[in-house]
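Understanding the architecture of this molecule
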Amino acid sequence: TGTSTGTCIALSPVLYPAGYFLGADPAMLGLAILSGAAFGDNLAPISDTTIVSAYTQGAEMRDVVRSRFPLAISAASISAVVFLVFGGGGEVRPLPEMQASLNPSGLFMLLALGIVVVSALKGRHIIESLIYGNVAAAFVGMLIGTIRPADIFSVPAAKGGSTGLIQAGIDNVVGAIIFAILILAVTQILVECGIMRRILDFAQSTLVATVRQAELFIVGVTILASIPISANAPAELLVGPSIVRPLGERFGLAAARRANLMDCAVCTIFFVLPWHIAVAAWYGALYSAAENYAIPAPPISAALYNPYSWALLAVLLFSAFTGWNRKYAKDEAPAA
């Protein structure tokens, strides 16, 4: 779906009780959902962190996703082993009767996601790719009968604003847009007053003398920026243009490599701290599902043990120390 928060809200009510009645350990089961959401946020071409990291570094989306895959899948493989070893231990119980209206034809809506991914990997601009996906979703929804034209956009008979999926989509992102604008405003103030330049100059003169140190600094400063901010994409907006890009360019790092270092960094500690929006949404959905089925829920502090986040941090540090998966600007193919 491209959003870790949406993934947790949508899947926790289904996967958590199902996994519990199959005998999964409650804490590890909850962390499996959170880890999966973090993995998707880290890798998806339509994720806000992927888009922001690529945009701020001037990178091609296909280069970002292709070169990030080894990092993300390595962390996912480590996490899979952890869940395989420690995820069981429970007792298989009869699943309570579920009253639900199911429509398998909804699976066809995944075609829209496939169109976005294929378009982005073929080098089309991410905004263009998202438009293709939205249009495809509307047509597929109407073909399978789950969406009517009036559901997409309509003007109500009574006096008032427009309604429909388009209007609802706009309403749902207004807060995020305002938040991003405020972050950009704060960033511009920091740039204009010279603080970001001083941080960059201090790093270049004191802390960073090699490409390895530059990559470690990029990872560290991105993580530090993500800790006090409840959303990870704005953290990239804060440090991406003013610190990460000029520092990476000084050492000749490829745009996709800079984007990957930054994006992977905001998907590590961000997914273990309880005041971050993704963790809060995950726990809220988890606790609600547990209440509905009268089953235990792990404490929110369980997020501190998120296997994917810690595995991704280990993979990222390994990559920076050894140079594995590192690309330089001179190695990038010229844009078509």
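Residues numbered from 1 in each chain as written. Predicted model: local features only at pLDDT ≥ 70, side-chain atom pairs only at ≥ 80, totals over all residues. Heavy atoms only, no water.

Tallying secondary structure elements over the protein gives 14 helices and zero strands in all. Going from the N terminus to the C terminus, the protein shows its helices and strands as α-α-α-α-α-α-α-α-α-α-α-α-α-α. Against the globule reference of 20 Å for 336 residues, the protein gives a C-alpha radius of gyration of 21 Å, in line with a compact fold. Counting the 336 residues in the protein, one finds 43% classified as buried. (Helix = DSSP H or I, 4+ residues; strand = E, 2+ residues; numbered from the N terminus. Rg over C-alpha atoms; globule rule 2.2 N^0.38 Å. Buried < 20%, exposed > 50% of the residue type's maximum accessible area, 1.4 Å probe, protein only.)

Residue placement: Ala 297 occurs in the loop between helix 13 (277–292) and helix 14 (307–322). Overall, the relative accessible area of 27% leaves Ala 297 in the partly exposed class. Placed 268 residues apart in sequence, Ala 297 and Leu 29 show a C-alpha to C-alpha distance of 9.9 Å. Once residues within four sequence positions are removed from consideration, Ala 297 is found in contact with Tyr 16, Tyr 287 and Ala 290. (Contact = heavy atoms within 4.5 Å.)

Counting buried positions along helix 12 (residues 255–265) gives 11 out of 11 residues, so the element sits mostly inside the fold. In this structure, the buried residues of helix 12 make contact with helix 2 (26–43), helix 3 (48–57), helix 4 (61–86), helix 10 (211–226), helix 11 (232–250) and helix 14.

Compared with the 27 Å implied by 1.5 Å per residue over 19 residues, the 27 Å span of helix 6 (residues 126–144) between its first and last C-alpha is a close match. Here helix 6 has its buried residues at Ile 126, Ser 129, Gly 133, Ala 136, Ala 137, Ala 138, Val 140 and Gly 141. The first or second residue beyond helix 6 is Gly 145, which carries a positive phi of 85°. (Expected span 1.5 Å × (residues − 1).)

Across the protein, pLDDT averages 87, with 95% of residues at or above 70. Least confident of the elements in the protein is helix 8 (residues 165–192), whose mean pLDDT is 76; most confident is helix 14, at 97. (pLDDT = per-residue confidence, 0-100.)

If you look at the biggest cluster of nonpolar residues, it comprises 67 residues, and the most contacted ones within it are Leu 247 and Trp 282. Residues within four places of Trp 282 in sequence aside, it is in contact with Cys 8, Ser 12, Gly 30, Leu 31, Ile 33, Leu 34, Ile 300 and Ala 303. (Core = buried A, V, L, I, M, F, W, Y, C linked by side-chain atoms within 4.5 Å.)

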